[in-house]
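# Coordinates in review
The residues making up each chain are set out below.
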Amino acid sequence: MKLHQFFAEIVIFLSVFFIYVLPPVFVSASDFAGFIAWTFPINELVFAICSFLLLLYLDKKLEKNSFFSSSIENKKLSFFINSGKTLITFGFLCCFSAFMEFIAYAAHFSNSSTVVVPNGFFEYTCFFLKFLLAVFYEEIIFRIYLPEESKNLLSKKIKNKKIVCAFTEPIIALLFAFAHRYLGWPAVINAFVAHLALRICYIKTENFFTILTAHFFYNLISFFLSVAL
C-alpha cells in the first residue's frame, strides 16, 4: 500500500472517531434533557448520509457488499435464515434489557430524563425518522466501519488476526457502551452487551439490514415501554 493511501485511511478513521464516537462519551446525565421535542432530525440525516458514503467506501476497499451480501448463496434460504438470526438477536436484546431493568429497579436506580410522546402526524414522522436514521449510522459506524477498518489498519502491522480481534472488538464495544453513560450505568452495561449481540449478528449474516432491523425495532419497543412504565 502506498504511503499516501495509508495516511488517507488514518485521517478518515480519526475523523470518524472524533466526530461520531467521542462526543457522546462526554455527554453526562445532566447534559441530556431527554426526548422532549420531535422536530425534523437534520443532524441525524447528515450523519446517516455521511455514514452511508463511508460504508460504500469501505465496501469498495474491502471488495464487499454489506447491504445485499449474505453468507448463504441461495437467496430465498438466505432471507429466511437471516430473518431468523435477526429475530433471535432482537429477542436477546429485549430479554437482556428487561433483565437490566430488573437489576436497576432492585438497585433503586432511577433515570430522570424526560420522555415526551409524539403528537400528530408530523411529530410521529420525525420520531420514526429520527430513530431510523440514528440506528442507521450507529450500525454502520460501530458494527461495521470501526471494527472492520481498525482490523484492516492494524493487520498491516500485526499479522495475527486473533490478536487484532481480541484487541479491537472489546474496545469498540466499550466505546459504544460509554456513549450511553448519560442514561446511567444500567444503560452502559446494556449497550455493551447489545453491541456484542449485534456485532455477532452481522458477522454471522454479513448483511447490514439484519442488524438495522433488530436495533430499530428494539429501540422502538424500549421507547414506548419507557413511556408506559
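Residues numbered from 1 in each chain as written. Predicted model: local features only at pLDDT ≥ 70, side-chain atom pairs only at ≥ 80, totals over all residues. Heavy atoms only, no water.

### Side note on unusual backbone geometry
For Glu63, which is not glycine, the phi torsion reads 55 degrees and is therefore positive. Along the chain, Glu63 turns up in the loop between helix 2 (42–62) and helix 3 (75–106). With a phi close to 60 degrees, His108 is a non-glycine residue in the positive phi region. Within the secondary structure layout, His108 lies in the loop between helix 3 and strand 2 (114–115). (Helix = DSSP H or I, 4+ residues; strand = E, 2+ residues; numbered from the N terminus.)

### A look at the nonpolar core
Here is a general trend for soluble globular proteins: nonpolar side chains tend to be buried in one another's company. Ranked by internal contacts, the top residues of the largest apolar core, which has 44 residues, are Ile141, Leu146 and Phe208. When contributions to this core are tallied by element, the ones reaching two or more residues are helix 1 (3–25), helix 2, helix 4 (120–154), helix 5 (161–178), helix 6 (185–205) and helix 7 (208–228). Here this core gets 14 residues from one element, more than from any other, and that element is helix 4. (Core = buried A, V, L, I, M, F, W, Y, C linked by side-chain atoms within 4.5 Å. Buried < 20%, exposed > 50% of the residue type's maximum accessible area, 1.4 Å probe, protein only.)

### Details of the packing of aromatic side chains
A complete count under the given rule lists 24 aromatic pairs for this structure. Where Phe216 meets Phe217, the ring centres are 5.3 Å apart and the plane angle is 70 degrees; that geometry is what we call edge-to-face. Take Phe217: its relative accessible area is 43%, and that puts it in the partly exposed class. One aromatic cluster is present, built from ring pairs that chain together Trp38, Tyr124, Phe127, Phe128, Phe131, Phe223 and Phe224. The residue whose ring lies beneath Arg143 is Phe176, and the NZ or CZ to ring-centre distance is 4.2 Å. (Phe/Tyr/Trp six-rings, centres within 6.5 Å; stacked < 30°, edge-to-face > 60°. Lys NZ or Arg CZ within 6 Å of the ring centre and 35° of its normal.)

### Overview of the confidence of the model for the protein chain
Any segment with low pLDDT has predicted coordinates that should not be analysed in fine detail. Residues of the protein chain with pLDDT of at least 70 account for 95%, and the chain-wide mean is 90. Between the elements of the protein chain, mean pLDDT differs from a low of 70, seen in strand 1 (residues 34–35), to a high of 96, seen in helix 6. (pLDDT = per-residue confidence, 0-100.)

### Some thoughts on the packing of helix 3 against helix 7
Interaxial distance between helix 3 and helix 7 falls to 9 Å at its minimum, and their mutual angle equals 35 degrees. Between helix 3 and helix 7 the crossing geometry is right-handed. Mapping the contact onto sequence places Asn82, Thr86, Thr89, Phe90, Leu93, Cys94 and Ser97 in helix 3 and Thr210, Thr213, Ala214, Phe217, Tyr218 and Ile221 in helix 7. (Axes fitted to C-alpha atoms, helices over the stretch in contact; angles between N-to-C directions. Left-handed = near helix turned anticlockwise from the far one by under 90°. Contact = heavy atoms within 4.5 Å.)

### Quick notes on the packing of helix 6 against helix 7
The interhelical angle for the contact between helix 6 and helix 7, taken along N-to-C directions, is 150 degrees, at an axis separation of 8 Å. On the basis of the axis angle, helix 6 is roughly antiparallel to helix 7. Helix 7 is crossed by helix 6, and the crossing has right-handed handedness. Only Phe208, Thr210, Ile211, Ala214, His215 and Tyr218 of helix 7 make contact with helix 6, whose side of the interface consists of Asn190, Leu198, Cys201, Tyr202 and Thr205. (Parallel < 35°, antiparallel > 145°, perpendicular 65-115°, else oblique.)

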